[in-house]
Amino acid sequence: MLNALRPAVVMTALFTLLLGLAYPLAVTGVGQLVFPAQANGSLIHDPDGSVRGSALVGQAFAEARYLHPRPSAAGDGYDASASSGSNLGPLNPDLAARVKSETERLRAEVPGAIIPADAVTASGSGLDPDISPAYARLQAARVATARGAPVAEVQAVIDAHTEGPLLGFIGQPHVNVLMTNRALDARFPAS
């Protein structure tokens, strides 16, 4: 029996060391060497060195001078510890009421505008940092008015921060809300 048990114990110890310790350390080391910013959370720092946020995690912007993100179903809104979708099905009355409320709010803000889907629906994680170019353009007039800037110049900042699909064909064009808002602050500083 000892002869049968020894290989099992040795293999368990070997694979625990190999796959539980050596492999994770190797992958972490390669990540830190090759992609240090991404391996550390794609953090965005202010000039004073304080962390402003992550390019990969959305955050709430409520002021009129900023692009607003898509609605969040994560906790009280962009709460990373409560990340999840709403889990509301397409026929759920709560989802329909939330979408209707958001749509009415946007139609009051921009009468006659076509409302993009991402403007009224949460993402799967509830933490999506990006919005569609259509939703960003929909907000350009509000942002320009709040900043006292020409709409065309705000739109130019949005256009400069519109990223195309990955490798030209994977995904959709998108605008990172945090990065664009930082560019707007740099271009049109608060008085």
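Residues numbered from 1 in each chain as written. Predicted model: local features only at pLDDT ≥ 70, side-chain atom pairs only at ≥ 80, totals over all residues. Heavy atoms only, no water.

Asks: Break down the packing of helix α4 (residues 133–147) against helix α5 (residues 151–160) for me, citing the residues and quoting the values.
Replies: Running from N to C, α4 and α5 point in directions that differ by 135°, and their axes come no closer than 9 Å. Judged by the angle between their axes, α4 and α5 are oblique. Here α4 runs over α5; the crossing is right-handed. Counting all contacts with α4, which are made through Ala136, Arg137, Ala140, Ala141, Val143 and Ala144, the residues of α5 involved are Val151, Val154, Gln155 and Ile158. Residues that form the contact of α4 with α5 fall into these classes: 8 nonpolar, 1 polar and 1 charged. (Axes fitted to C-alpha atoms, helices over the stretch in contact; angles between N-to-C directions. Helix = DSSP H or I, 4+ residues; strand = E, 2+ residues; numbered from the N terminus. Parallel < 35°, antiparallel > 145°, perpendicular 65-115°, else oblique. Left-handed = near helix turned anticlockwise from the far one by under 90°. Contact = heavy atoms within 4.5 Å. Nonpolar A, V, L, I, M, F, W, Y, C, P; charged D, E, K, R; others polar.)

Asks: Any details on a nonpolar patch on the surface? Residues and values, ideally.
Replies: A surface patch of nonpolar side chains, amounting to about 680 Å² of accessible area, comprises Met11, Leu14, Phe15, Leu18, Leu19, Tyr23 and Val27. Locating leucine 14 in the fold gives a position in helix α1 (residues 2–34). (Patch = residues over 30% accessible without salt bridge, like charges linked within 9 Å, V, L, I, M, F, W, Y side chains within 5 Å. Areas by Shrake-Rupley, 256 points an atom, 1.4 Å probe, with all protein chains shown as cover. Salt bridge = Lys/Arg side-chain N within 4 Å of Asp/Glu carboxyl O.)

Asks: Go over the packing of α5 against helix α6 (residues 177–187) with me, naming the residues and quoting the values.
Replies: Axis separation between α5 and α6 bottoms out at 9 Å; the angle between their running directions is 140°. In terms of axis orientation, α5 runs oblique to α6. Crossing handedness for the pair α5 and α6: right-handed. Contact with α5, carried on its side by Glu153, Val154, Val157 and Ile158, involves Thr180, Ala183, Leu184 and Arg187 of α6 and no other residues of that element. Here the contact of α5 with α6 is composed, by residue class, of 5 nonpolar, 1 polar and 2 charged.

Asks: Residue-level account of the packing of aromatic side chains, with values.
Replies: The tally for this structure, following the rule as stated, stands at 1 aromatic pair. Measuring from centroid to centroid gives 5.2 Å for phenylalanine 61 and tyrosine 66, while their planes differ by 50°, and the two rings are tilted. Exposure class is identical for phenylalanine 61 and tyrosine 66. Each is buried. (Phe/Tyr/Trp six-rings, centres within 6.5 Å; stacked < 30°, edge-to-face > 60°. Buried < 20%, exposed > 50% of the residue type's maximum accessible area, 1.4 Å probe, protein only.)

Asks: Can you tell me about the layout of surface pockets, naming the residues and giving the values?
Replies: Roughly 190 Å³ of volume is contained in the largest pocket. Considering the residues around the largest pocket, the lining is formed by 14 residues, among which Pro69, Arg70, Pro71, Ser72 and Tyr78 are closest to the centre. Of the residues that constitute the lining of the largest pocket, the class distribution is 7 nonpolar, 3 polar and 4 charged. (1 Å grid on protein atoms, 1.4 Å probe; cavity = no way out; pocket = protein on both sides within 12 Å on 5 of 7 lines; lining within 4 Å. Points joined across faces, edges and corners; volume = space filled by probe spheres on them.)

Asks: Report on the pairing of strand β2 (residues 51–54), specifying residues and quantitative values.
Replies: Two strands pair when backbone bridges link them, and strand β1 (residues 43–45) and β2 are joined in this way by 3 bridges, in the antiparallel orientation. Across the sheet, isoleucine 44 pairs through a bridge with glycine 53, a residue of β2. (Pairing = 2+ DSSP bridges.)

Asks: Now, about the confidence of the model for the protein chain: what can you tell me, with residues and values included?
Replies: For the protein chain, mean pLDDT is 88; residues scoring 70 or higher make up 96% of the total. Considering each helix and strand of the protein chain separately, the mean pLDDT is smallest for β2, with a value of 85, and largest for α5, with 96. (pLDDT = per-residue confidence, 0-100.)

Asks: Let's hear about the pattern of salt bridges: which residues, and what values?
Replies: Close approach of charged atoms allows side chains with opposite charge to pair. Per the stated rule, a full pass over the model turns up 10 salt bridges. We note a salt bridge from arginine 105 to glutamate 102, for which the minimum N-O separation is 3.0 Å. In this pair, arginine 105 and glutamate 102 are both assigned in helix α3 (residues 93–109), 3 residues apart and thus about one turn of the helix distant. The exposure class of arginine 105 is partly exposed, given its relative accessible area of 35%. Here arginine 142 and glutamate 109 are joined by a salt bridge, their closest N and O atoms 2.9 Å apart. Residue arginine 142 is found in helix α4, and its partner glutamate 109 is found in helix α3; the two are separated by 33 residues along the sequence. Glutamate 109 sits in the partly exposed class, given a relative accessible area of 31%. Among the charged side chains, a network of salt bridges with common partners joins Glu63, Arg65, Arg147 and Asp185.

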